[in-house]
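Inside the fold
Here is what each chain is made of, one letter per residue.
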Amino acid sequence: MNNSRRKFLIWLGAGLNAIAGVLLSIPIIGYLGGALRGMQKEQAWIPLGGLDVFPVGQTRLATYVNPFRRPWDGETANTACWVRRIAENQFQVFAINCAHLGCPVRWFPESGLFMCPCHGGVYYADGARASGPPPRGLYEYEYKLDGGQLLVRGGRLPTLAQGV
Amino acid sequence: MAERRVTPSRAQSIALWIDERLHLSKLFESTAGHHVPASSASWFYVFGSGTLLCFVIQIVTGICLALTYAPTADQAWTSLIVLNYQQYLGWFLRAVHNWGSNFMVAIMTLHMIQVFLFGAFKYPRELTWVSGCVLFLCTLGMAFTGQVLRFDQDAYWGLGIGMAILARTPVLGAVLTQLVLGGPIIAGETLSRFFTLHVFVIPGLIIALVSLHLRLVLTLGINEYPEPGKPVDPKTYRDEYEKLIEQTGEPFVPNAIGKDLVFSGLVILGILACAAYFGPAGPNGPPDPTLIQTNPRPDFYFLPLFSAFALMPPYLETVLILVAPVVGIIILFLVPFLSRSGEKSPRRRPFAVVSVILIMLTLTVLAWLGTYSPWSPVMEAWSGAATPVELIRGRTPLELQGALVLQSKQCRNCHSLGGTGGMRGPALDAVATRLTRDQLIRQVLQGGGNMPAYGRNLDPSEVTALVAFMSTLRPDYEPKAHDAARK
């Protein structure tokens, strides 16, 4: 009699704790997974400035502040990209992140190459892979011209899984 | 057990009163005073306690640093500068914390090698080894997250490299990166995450695992100094070990702890000396990703990995980056199950000794290569490296023009002359002994063999000048390359 009462209490206790545990973990997992909410939406049109700062036939560094930022992001929200103006209305905008492991590539106008300081990836002026370990060319932004301004669509850290 | 003596003195009775309530003497007998084989009081057995000591130093200095450090992306770098230059002795505590971590990784590696070579992972200490392996991974986790908290350019781009690796995970790449970053870019929430890992999660895990690790050492006893020709037989080992303790056992404290104490003292002095002499690590430039004049390098524990990323064949890269570490860790965990019994002594285990030498040699060479990364272009060589005088003395105007082209087209970033410049491509000092004029033109225009094609970036006059200069690059005593297909 006593024994069955104890068993009942153990089962009751275990069951109660299981239910409570589940109820506790749902919000915790939800909270941690919160970073994934709106993942697909994290892209926006970002102005890079007037067209006159990008001379035709040249590649220039442009910077913008990431629109998906927290107030305490500080300078980490700054982002840089390489803008290549091919013709009057024709551009190519590259992420500075090397397609190999994400280090910032530098542009050398004399030889028309982007070079990466980490593992020696090299790209041509049009972003195509020239040599070294990168598995593909530079990540490229979608762009549009609006009211004498160059806008790019971005907001993410570009990786092999996901572009800018 | 407090035995009542006839008339204990006042002090004795106070001590007995306390012991009766706290059971300290019993606790001592079963922990610090436990019996160890006399043979284990060896200089080879000091690395475990040394590692633990480093961990304690890390906790103490870490707590101190957390009093000033601001774990937010916009202020972390500034607070490090304050620690270095304004906070009284802040620079020294940062240096001790940094050197404490270097010593911890180094001594832990020695501990692991010693345990492996002395067969201490064999029956019945399999799980002691496994818990130690998890501790090793946790320590590397602390090293990486700590490097991130030093929130400078290296930290920022180190995170970028980490994320680029993570993103290569099939299917889940994008989700995993987003979860680790806490958002779409490396920013505020990323630092908060790594702070939480470095300060709460991983240290908590380490404390729990160290307790388990020590508990196992106490329960199973410390490994006796291995003797060749005395293999482990799981059927008889426990009895033999008990007999050994009965015959030669000594309490760890006070009899066997001497060498650990000496080593611990030397470790602390070593950390303090290094901290005082070398000072704190960084921070280098602020973590602003628009400052692209940067040359990211990881701390030394990750240099072998950094080098491997540059040197492995690209077609194998994703597989090696993602699979090799997992396989390596699994093998590490399986060691005691693959070799549960048999000889313990390294004198009878040549394969074990050779594996350790090979692994350490590989890691050392990779780390050494990582310190000067010959695969990276030297970004300033084209404008900063001098052209050796003997290579331009007595040259024609066309050849001199070629020497200028070679500089201004950044060839020097990858090719050295007179020992300065990049090492990505071959040195050009004697290129005319290897390539004919035609071959030089082809190589420059079309590239190949990991060299970009320059056809679009050189006009014909530049190519003519460049090749004319390169055709002069050979020592007088070596003949020019010639095309065997022509007369």
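Residues numbered from 1 in each chain as written. Chains lettered and ligands numbered in written order. Predicted model: local features only at pLDDT ≥ 70, side-chain atom pairs only at ≥ 80, totals over all residues.

1. Overview of the overall build of chain B
The number of helices and strands found in chain B is 20 helices and two strands. For chain B, the C-alpha radius of gyration of 30 Å lies well beyond 23 Å, the compact-globule estimate for 487 residues. Overall, the C-alpha framework of chain B stretches about 110 × 60 × 45 Å when taken along its three principal axes. Residues counted as buried form 37% of the 487 residues belonging to chain B. Considering only residue pairs separated by 6 or more positions, chain B has 78% of its internal contacts joining residues 24 or more positions apart. (Helix = DSSP H or I, 4+ residues; strand = E, 2+ residues; numbered from the N terminus. Rg over C-alpha atoms; globule rule 2.2 N^0.38 Å. Buried ≥ 20, exposed ≤ 12 C-beta atoms within 10 Å, placed from the backbone. Contact = placed C-beta atoms within 7 Å.)

2. Looking at the overall build of chain A
Each helix and strand counted, chain A has one helix and 10 strands in total. Put simply, chain A runs from its N terminus to its C terminus through helices and strands in the order α-β-β-β-β-β-β-β-β-β-β. Counting only C-alpha atoms and orienting by the principal axes, one finds that chain A spans roughly 90 × 40 × 25 Å. Each of the 164 residues in chain A was classed as buried or not, and the buried ones make up 41%.

3. A closer look at helix 1 (residues 10-22) of chain B
End to end, helix 1 of chain B covers 18 Å across 13 residues, agreeing with the expected 18 Å (1.5 Å per residue, within 8%). Just downstream of helix 1 of chain B, His23(B) is the residue with a positive phi angle, here 55°. (Expected span 1.5 Å × (residues − 1).)

4. A closer look at the environment of Phe278(B)
For Phe278(B), the position within the fold is in helix 12 (residues 258-278). For the pair Phe278(B) and Trp99(B), spaced 179 residues apart in the sequence, the C-alpha separation amounts to 9.2 Å.

5. Concerning the sheet that holds strand 5 (residues 106-108) of chain A
All names here are of chain A. Pairing is antiparallel across the open sheet formed by four strands, whose spatial order is 5-6-7-8. The open sheet has two free edges, formed respectively by strand 5 and strand 8 (129-131), since each of these has just one partner strand. Neighbouring strand axes in the sheet, compared pairwise and without regard to direction, differ in orientation by 35° on average. In this structure, strand 7 (residues 122-124) lies alongside strand 8, joined through two bridges in antiparallel fashion. Of the residues in strand 8, the one forming a bridge with Tyr-123 is Arg-129. (Pairing = 2+ DSSP bridges. Axes fitted to C-alpha atoms, helices over the stretch in contact; angles between N-to-C directions.)

6. Quick notes on helix 20 (residues 460-470) of chain B
Buried within helix 20 of chain B we find Ala465(B), Leu466(B), Val467(B), Ala468(B), Phe469(B) and Met470(B). Looking at the packing, one finds that the buried side of helix 20 of chain B touches helix 18 (397-408) and helix 19 (437-446) of chain B.

7. Focus: the pairing of strand 3 (residues 78-87) of chain A
Residue and element names in this part refer to chain A. In this structure, strand 2 (residues 59-65) lies alongside strand 3, joined through seven bridges in antiparallel fashion. What sits directly across from Thr-59, in strand 3, is Arg-84. Relative to strand 4 (residues 90-95), strand 3 is paired through six bridges, and the arrangement is antiparallel. Counted as the bridge partner of Val-83 is Val-93 from strand 4.

8. Some words on the interface of chain A and chain B
Much of the literature gives interface size as the accessible area that the parts lose upon coming together. With 49 residues of chain A at the contact, the number on the chain B side is 54 residues. Sort the elements by how many residues they give to the side of chain A that touches chain B and strand 3 of chain A lands first, with three residues. Here the residues of the side of chain A that touches chain B sort into 24 nonpolar, 17 polar and eight charged. (Nonpolar A, V, L, I, M, F, W, Y, C, P; charged D, E, K, R; others polar.)

9. Section: the confidence of the model for chain B
If pLDDT is low for a region, its predicted coordinates should not be looked at in detail. Scored by pLDDT, chain B has a mean of 91; 99% of the residues are at 70 or more. Across the whole predicted complex the pTM is 0.89, and at the interface the ipTM reaches 0.90. (pLDDT = per-residue confidence, 0-100.)

10. Observations concerning the domain arrangement of chain A
Here chain A is partitioned into domain 1 (2-36) and domain 2 (44-154). The distance between the C-alpha centroids of domain 1 of chain A and domain 2 of chain A comes to 51 Å. (Domains from an automatic or database assignment.)

11. Notes on the packing of helix 6 (residues 126-149) of chain B against helix 14 (residues 317-338) of chain B
Residues and elements named next belong to chain B. Where helix 6 meets helix 14, the closest approach of the two axes is 9 Å, and the angle between their N-to-C directions is 170°. The angle between the axes of helix 6 and helix 14 places the two elements in the roughly antiparallel class. Mapping the contact onto sequence places Glu-126, Trp-129, Val-130 and Cys-133 in helix 6 and Leu-332, Phe-333, Val-335, Pro-336 and Phe-337 in helix 14. (Parallel < 35°, antiparallel > 145°, perpendicular 65-115°, else oblique.)

12. Section: the confidence of the model for chain A
Chain-level statistics for chain A give a pLDDT mean of 90 and a share of 99% at 70 or above. When mean pLDDT is taken per element in chain A, helix 1 (residues 2-33) of chain A scores highest with 94 and strand 8 of chain A scores lowest with 88.

13. A word on the domain arrangement of chain B
In terms of domain boundaries, chain B breaks down into domain 1 (16-372) and domain 2 (381-470). The distance between the C-alpha centroids of domain 1 of chain B and domain 2 of chain B comes to 47 Å.

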